[in-house]
Amino acid sequence: VTITTRLLVSHLSGIRHYEKDITKVKEEKEKANRALKLTKSHQDKEQKAKEGKEIGNTDCVKQKKEHDSETKSRNSRPGRNDKEFEQEEYYLKEKFESVIESLKIFKNDPLFFKPGDQFLYSTYGFTLLSAVVERASGQKFTDYMLKMFRDLDMLSTVLDDNEAMIYNRARCYIYNKKGRLVNAPYVDNSYKWAGGGFLSSVGDLLKFGNALLYSYQAGQFKNRNGKLLPGYLKPGTVAMMWTPVPKTEVSWDRDGKYAMAWAVVEKNQQYGCCRQQRHYASHTGGAVGASSVLLILPEELDPEVLGAWPVAPPRGVIVTIICNMQSVSLNSTALKIAREFDREKRAQ
């Protein structure tokens, strides 16, 4: 088979995640699909009820209960099932000297499906991607990334190295089996730098979001006398990163599809004065003792005012939340915050 970097970055490679048993993975997928079908069916019945058509109340209540039970675990953790943090590999304590060395964890395991056929979120897919970056750049992946963070002025973003003295490093927490708050266990994330091995701050993630949004919009503005600097990335590159990829899915947002390392919701409105779906890109993060989200809601730009100065990119709302608590669902909260700021801005 052939596995490309595009397949890796969109989680279509077939490389496993933390779960080694393909049967369990299929069962979880089937459960999620059933929950989604129940949700859509329930919404259709509610719509018919509004239109005055008769619906059996008993059936509606029964279906809602089935829907709630199916989706409770799926929605409790963004992009993860309830038992994911029970996987042993989340708690590895081994120190890996390079990303090439960490490939030994999964390199001899069979693929779960032919690359390109199905979507399966895989942290190890990004471990392999980091190895590609390391070989292509000719330098250690961690050195390459830290230089990029310096370029982006993200000076508080560092490796999650247990031995290093990191100023203002937060303690992480989890709930134990008795429901009590306890310190998160010790882990070494050197086996997955690309998929969850960096520490950052809200301020740095905002800079990261602004750099992407600027790059995305820079090509739409008229460059007056060279005053508008180019973005860190080409506009077409970010547009490609934020274009949904076929056969993908996003468990933490029913309206979204996976793109290239981002979950994306496309602009959509079928009827006037009805539900409007805005275009935005986001991604959640989950680790032992921590949860996070970065959401970018670009402003819908008016072509008539794009040349007017000082209206310049980045234009939109960026929301980031970092929580030193495991298994906190944050995407919907971030989206609500972004919409409130966007609504307030439009009202001005």
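Residues numbered from 1 in each chain as written. Predicted model: local features only at pLDDT ≥ 70, side-chain atom pairs only at ≥ 80, totals over all residues. Heavy atoms only, no water.

Some thoughts on the sheet that holds strand β8 (residues 290-298)
Spatial strand order, β5-β6-β7-β8-β9: 5 strands in an open sheet with antiparallel pairing. In this open sheet, the two edge strands, each paired with only one partner strand, are β5 (257-258) and β9 (316-323). Of the pairings in the sheet, the one linking strand β7 (residues 280-287) to β8 comprises 7 bridges and is antiparallel in character. Residue pairing across strands places Gly 286 opposite Ser 291, the latter belonging to β8. Sitting on the sheet, helix α10 (residues 331-347) touches β7, β8 and β9, and the angle it makes with β9 is about 150°. (Pairing = 2+ DSSP bridges. Helix = DSSP H or I, 4+ residues; strand = E, 2+ residues; numbered from the N terminus. Contact = heavy atoms within 4.5 Å. Axes fitted to C-alpha atoms, helices over the stretch in contact; angles between N-to-C directions.)

A word on unusual backbone geometry
In the segment running from Pro 313 into Pro 314, the intervening peptide bond is cis, with an omega of 0°. For Pro 314, the position within the fold is in the loop between β8 and β9. Notably, Ala 261 is not glycine yet its phi reads approximately 70°, a positive angle. Relative to the helices and strands, Ala 261 resides in the loop between β5 and β6 (263-265).

As for the nonpolar core
Formed by 41 residues in total, the largest nonpolar core has its most connected members in Tyr 124, Leu 212, Trp 242, Trp 262 and Ile 296. Broken down by secondary-structure element, the contributors of at least two residues to this core are α1 (5-9), α5 (123-137), α6 (141-151), α8 (202-218), α9 (235-241) and β8. Of all the elements, α5 adds the most residues to this core, at 4 residues. When residues are assigned to domains, this core turns out to be shared by domain 1 (1-38 + 80-165 + 188-197) and domain 2 (200-347), each giving three or more. (Core = buried A, V, L, I, M, F, W, Y, C linked by side-chain atoms within 4.5 Å. Buried < 20%, exposed > 50% of the residue type's maximum accessible area, 1.4 Å probe, protein only. Domains from an automatic or database assignment.)

These values are about where atoms sit, not about what they do.
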